[in-house]
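# Architecture and fold: a report
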Amino acid sequence: MSKRLPPRGDYQPDLFAANFADIPIRDQRDTMERPFFSLAKKPRFVPIEYNVGDVWVEVSANPKFGIATIWDADILIWASTQITEALDRGLSASRIVHFHPHHLLKSIRRPTGGEHYRRLRAALDRLTHTAVRTNIRAEGKKKTASFHWLESWKEVTDENTGETTGMTLTLPDWLFDGIMMKGGVLTIHEDYFLLTGGIERWLYRVARKHAGQQEGGWQFTMQQLHEKSGSASRLSDFAIDVRKVVEADSLPEYTAMLHKNDDGEEVIHFLKRTLLSTNDPRYETPRNPRRRIARGITAKSITFNTLSG
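Here is a short report on the structure shown in this document. The shown structure was predicted, so the numbers you read here are calculated from the model rather than taken from an experiment. (Residues numbered from 1 in each chain as written. Predicted model: local features only at pLDDT ≥ 70, side-chain atom pairs only at ≥ 80, totals over all residues. Heavy atoms only, no water.)

## Concerning the sheet that holds strand β7 (residues 152-157)
Overall, antiparallel pairing links the 3 strands, which are arranged β4-β8-β7 in an open sheet. Of all the strands in the sheet, just β4 (96-99) and β7 have a single pairing partner and so form its edges. Put simply, the sheet's adjacent strands are angled 15 degrees from each other on average, direction ignored. Two elements, β4 and strand β8 (residues 164-170), share 4 bridges in a ladder whose sense is antiparallel. (Pairing = 2+ DSSP bridges. Helix = DSSP H or I, 4+ residues; strand = E, 2+ residues; numbered from the N terminus. Axes fitted to C-alpha atoms, helices over the stretch in contact; angles between N-to-C directions.)

Spelled out as structure tokens, the structure:
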């Protein structure tokens, strides 16, 4: 459980729609805590079924492509960011997003070689063929929204060289409406894209949605997290993976702690690092809002020891 190193050239920002070096990265909040994606790199074909309280989610795999993964969801985060950035700049927003794969890969902090172009196409296929049914934002427990993560995607290539000249993806109404609604997106840390583990990535998104800036953070039992994750592993194996993430303390912005509650259940407590004591080695100062322009996208938050040194 760790962060991978940034790809070569990650420090050098491109223009808008190329790199997130100077714009906040936005994630659609309804997708952040519930089991909409596979957390495993191995193809998953077993459906995800989640039903807690009045909320339910069903995700079904295409037999050829499998269920879209949490790494595939980086493309949706990229699209959410492009749409919200366009709105912030006073431009119009559309479910149809045009892009060059080089720009998208740079933005989600991945290498841009031929193999990564092929992986991008595979991810687009999984997103297009993963079927989702849920009552989240379906206006009532008995109502259902049914969609695929992408309605379609297409690629245009140069007839002479065979090189890609552009791509287009079309978001479903459910996701686009969620991006457009007030409070529908949350800003996330750019180092999220460097997290290598599926559970690690999912835990960050849960922490970001629930702990936020809250002084006391947020707590879940291990059982609650297991249910929310949609993980295909047993609770005991899931708990081992979560403990590894806590021990590695690798989540951007947030730290996680384990303890037992009065019922003897294992509890995970997420807390923003800026709220820790300055004597705590996990403490980080609040980040300068212009940090990615002034110090570079790979610059970490300044620690108290750095300031005092």
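Further notes follow.
## Remarks on helix α7 (residues 235-248)
In this model, α7 (14 residues) spans 20 Å end to end at C-alpha, consistent with the 20 Å of a helix rising 1.5 Å per residue. Burial in α7 covers these residues: Phe-238, Ala-239, Val-242, Val-245 and Val-246. Relative to the axis of α7, the buried residues are bounded by an arc of 120 degrees and lie together on one face. In this structure, the buried residues of α7 make contact with α5 (198-210), α6 (222-229), β11 (254-260) and β12 (266-272). Looking one or two residues beyond α7, the residue adopting positive phi is Asp-249, at roughly 50 degrees. (Expected span 1.5 Å × (residues − 1). Buried < 20%, exposed > 50% of the residue type's maximum accessible area, 1.4 Å probe, protein only. Arc of directions from axis to C-beta. Contact = heavy atoms within 4.5 Å.)

## Quick look at the sheet that holds β11
Strand order in the open sheet formed by 3 strands is β10-β12-β11, with antiparallel pairing between adjacent strands. Of all strands in the sheet, those with a lone pairing partner are β10 (218-221) and β11, marking the two edges. Mean inter-strand twist for the sheet, computed between neighbouring axes without regard to direction, equals 25 degrees. Pairing analysis gives 4 bridges linking β10 to β12, with the strands arranged antiparallel. Of the residues in β12, the one forming a bridge with Gln-219 is His-269. α6 contacts β10, β11 and β12 of the sheet and is inclined by roughly 85 degrees relative to β10. In the packing of α7 onto the sheet, contacts are made with β11 and β12, and the angle to β11 comes to roughly 130 degrees.

## Description of the packing of aromatic side chains
Scanning all chains against the criterion turns up 11 aromatic pairs. Linked through ring pairs, Phe-36, Phe-37, Phe-147, Trp-149 and Trp-174 together constitute an aromatic cluster. Over the aromatic face of Tyr-192 sits the side chain of Arg-201, whose NZ or CZ is 4.6 Å from the ring centroid. (Phe/Tyr/Trp six-rings, centres within 6.5 Å; stacked < 30°, edge-to-face > 60°. Lys NZ or Arg CZ within 6 Å of the ring centre and 35° of its normal.)

## A closer look at the packing of α6 against α7
Think of two packed helices as two axes; the pair is described by the angle between the axes and how far apart they sit. With their axes 10 Å apart at the nearest point, α6 and α7 run at an angle of 100 degrees to one another. The pairing of α6 with α7 is recorded here as roughly perpendicular in orientation. Side by side, α6 and α7 meet where Met-222, Gln-223, Leu-225, His-226 and Ser-229 of the first sit next to Leu-235, Phe-238, Ala-239 and Val-242 of the second. In terms of residue class, the contact of α6 with α7 is built from 6 nonpolar, 3 polar and no charged. (Parallel < 35°, antiparallel > 145°, perpendicular 65-115°, else oblique. Nonpolar A, V, L, I, M, F, W, Y, C, P; charged D, E, K, R; others polar.)

## Re the pattern of salt bridges
In total, this model carries 22 salt bridges according to the counting rule given. Between Arg-133 and Glu-58 there is a salt bridge, with its nearest N and O atoms 2.6 Å apart. Of this pair, Arg-133 sits in strand β5 (residues 131-134) while Glu-58 sits in strand β3 (residues 55-60), and the two are 75 residues apart along the sequence. Ionic pairing is found between Glu-115 and Arg-119, a salt bridge with its closest N-O pair at 3.3 Å. Pair noted here: Glu-115 and Arg-119 are both in helix α3 (residues 114-129), with a separation of 4 residues, about one helical turn. (Salt bridge = Lys/Arg side-chain N within 4 Å of Asp/Glu carboxyl O.)

Remember, this is a structural readout, not a statement about activity or role.
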